[in-house]
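Residue-level structural notes
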Amino acid sequence: MKFNKFIKILAGLLFILTVTIALISINHPIFLKWLSGSARLIGKPTDAVVYCNGQVNADIKVYHVYKYFYATMAEYYLVHFANGDTLEGRSVIAIYENENIVGTPSGRSKRDYDIIFGRLFQSETGGKFSDFKNDMKGYNFDPELSFTGNTIKLKLPPGAREFKCDSLRIEL
């Protein structure tokens, strides 16, 4: 008798869990990728202050990434331009301090980047970047990236409408 009740409760909880995952996945397809291991949780944004064209912009968030996929150590920042997002995708760039590179992701759709409960998720495809200076996959543009103490300065390509900004200064 107790065993049957236990099985019914367990089946009910499993059903509720399945429905919850399905409902989250409808609006956030990256969630299934995360469950299967082909996406990762980056986390909450840092407390950086971001200046866009000299003005503080609270819609631009900075995320610190400590490792690449498969536990290889890394040290770079993801900058998310919320004002450049669309229903289909996210506006994100990567800043690599060690390589002095600013990159644009290979994939920008909601399957590659999404924010769920205030936390940024990134797929494997979204983790691959092309340098702004690259004339084929990038913007063929020199961002004049510089690091001074806890300050990052760079210029953004004038033809890239998703950034809605010409220059960035990030105070970490």
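Coordinates for the structure precede this section.
This section reports on the structure supplied with the text. Sequence positions are assigned chain by chain, starting from 1 and proceeding in written order. Whole-chain, interface and lining totals are the exception, using all residues; otherwise, since this is a predicted model, local features are given only for residues with pLDDT of at least 70 and side-chain atom pairs are given and counted only at 80 or more. Side-chain measures were taken over the full set of non-hydrogen atoms in the model, leaving aside hydrogen atoms and water.

Here we come to the sheet that holds strand β2 (residues 49-52). Strand order in this open sheet of five strands is β3-β2-β13-β12-β11, and the pairing throughout is antiparallel. For this open sheet the edge positions go to β3 (55-56) and β11 (146-148), each flanked by a neighbour on one side alone. A pair of strands is labelled paired if DSSP reports no fewer than 2 bridges between them. Helix and strand labels come from DSSP, where a helix needs a run of H or I of at least four residues and a strand needs a run of E of at least two; each type is numbered from the N terminus. Both β2 and strand β13 (residues 167-171) contribute to a ladder of four bridges, which runs antiparallel. The partner of Y51 across the bridge, within β13, is R169.

Before going further, it helps to spend a moment on the environment of F117. Of note, F117 is situated in the loop between β8 (113-116) and β9 (119-123). For each residue, the accessible area found with a 1.4 Å probe, counting protein chains only, is set against the maximum for its type, and the residue is called buried under 20%, exposed over 50%, and partly exposed in between. Of the residues examined, F117 reaches a relative accessible area of 68% and is grouped as exposed. Separated by 80 residues in sequence, F117 and G37 have C-alpha atoms that sit 19 Å apart.

The definition of a nonpolar core used throughout is a set of buried Ala, Val, Leu, Ile, Met, Phe, Trp, Tyr and Cys residues joined through side-chain atoms within 4.5 Å. With 22 residues, the main nonpolar core has V79, I93, L154, L156 and L168 as its most contacted residues. Secondary structure elements with two or more residues in this core: β2, β4 (60-67), β5 (73-81), β6 (92-96), β12 (151-155) and β13. Here the element with the most residues in this core is β5; it accounts for three residues. In this structure L168 touches V50, Y51, C52, I60, V79, F81, I152, K153, L154 and L156, once residues within four positions along its chain are discounted. Judged by nonpolar contacts, the second largest core, of 12 residues, contains V92, A94, Y96 and Y113. The criterion used for residue contact is that any of the two residues' heavy atoms lie within 4.5 Å.

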